[in-house]
Every structure is written in structure tokens, then in C-alpha cells.
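Architecture and fold: a report
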Amino acid sequence: MASEKVSIGNVNFDKDSILVSKQVYEKGQKLNYVFLVGGTKIMFPDQENKNAAVSLAMKYNSDVAEICAWFDNIKGLIIEESPRKGNYYIRET
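An account of the accompanying structure is given in this report.

Definitions and cut-offs
- Each chain carries its own residue numbering, running from 1 in the direction its sequence is written.
- Per-residue local features are limited, in this predicted model, to residues with pLDDT of at least 70; the limit for side-chain atom pairs, both in listing and counting, is 80 or more; totals at the level of whole chains, interfaces and linings are taken over all residues.
- Working from all heavy atoms in the structure, the side-chain values ignore hydrogens and water.
- We call a set of buried Ala, Val, Leu, Ile, Met, Phe, Trp, Tyr and Cys residues a nonpolar core when their side-chain atoms join them within 4.5 Å.
- Think of it in three bands: with a 1.4 Å probe and only protein chains considered, a residue is buried below 20% of the maximum accessible area for its type, exposed above 50%, and partly exposed in between.
- Going along the chain from the N terminus, every DSSP run of H or I of four or more residues is numbered as a helix, and every run of E of two or more is numbered as a strand.
- In what follows, a contact means two residues having at least one pair of non-hydrogen atoms within 4.5 Å.
- One bridge is not enough; two strands pair if DSSP finds at least two bridges between them.
- Axis lines are fitted through C-alpha atoms, for helices just across the contact stretch, and the angle between N-to-C directions can take any value from 0 to 180 degrees.

1. Overview of the nonpolar core
Ranked by size, the top nonpolar core spans 15 residues in total, and within it F13, V34, I42, F44, V54, F71 and I74 carry the most contacts. Elements that contribute at least two residues to this core include exactly β2 (11-14), β4 (29-36), β5 (41-45), β6 (52-61) and β7 (64-72). Excluding residues that lie within four positions of it along the chain, V34 makes contacts with I8, F13, I18, V20, S21, T40, K41, I42 and F44.

2. Brief notes about the sheet that holds β6
Taken in spatial order, the 5 strands make up an open sheet running β1-β2-β6-β7-β9, and their pairing is mixed. Each edge of the sheet is formed by a strand with only one pairing partner; in this case those strands are β1 (5-8) and β9 (86-91). Sheet twist, expressed as the average angle between the axes of neighbouring strands with direction ignored, equals 25 degrees. Pairing of β1 with β2 involves 4 bridges; the strand directions are antiparallel. Paired with S7 across the strands is N12, a residue of β2.

3. Describing the pairing of β5
Burial analysis of β5 places 4 of its 5 residues in the buried class, the great majority of the element. In the sheet, β4 pairs with β5 via 5 bridges, with the strands oriented antiparallel. Residue N32 lies in a different strand from β5, and its bridge partner there is F44. With 3 bridges connecting them, β5 and strand β8 (residues 78-80) associate as antiparallel partners. Of the residues in β8, the one forming a bridge with I42 is I79.

Next up, the structure:
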């Protein structure tokens, strides 16, 4: 069964990958602040590109969970890495 999708600032997420999201204003610009499952925090302005997306997966290596995150077509993205080990992939098409 496919996960329910949620759009935040024109970026698509699987609903179950988001812990908390909020909007903040910094120097007069609205930014979307999203806390992802696994502890990764991201911030980005609203996107004009409708195919911007975030995808998460957990990879297990010797019983240690590692976070894998893909960030597609997100301009102005700021990533604060999780305290857990993880791999982050930024793709632009």
C-alpha cells in the first residue's frame, strides 16, 4: 500500500516520513522547516517546481539503522544531518 502524500511548500513528502513541520520567517522570507523521521532537519523556501520531493528509507547494516534520504529539485535547501549515521542524495533534473 502506498503511503499518503503531503505537500509542504510545493515539496512532496510521504506523510509518515514527517515528524513536525512549521513555517518560519527569516529576513522577511517564508521558510518551511521540516523535522524528518530519524532526526534529519531541513529548511527550504516555497518551491516553484512542482516535481520537488523528499524520500526516506532506512537501511540496516549489522543491526544499525542508517537513514537514506533523497532530495529532488529543491532550491535553497538547507540540511541539518541526523545524529544517526545516514546518506543524503541531492538530485536536480
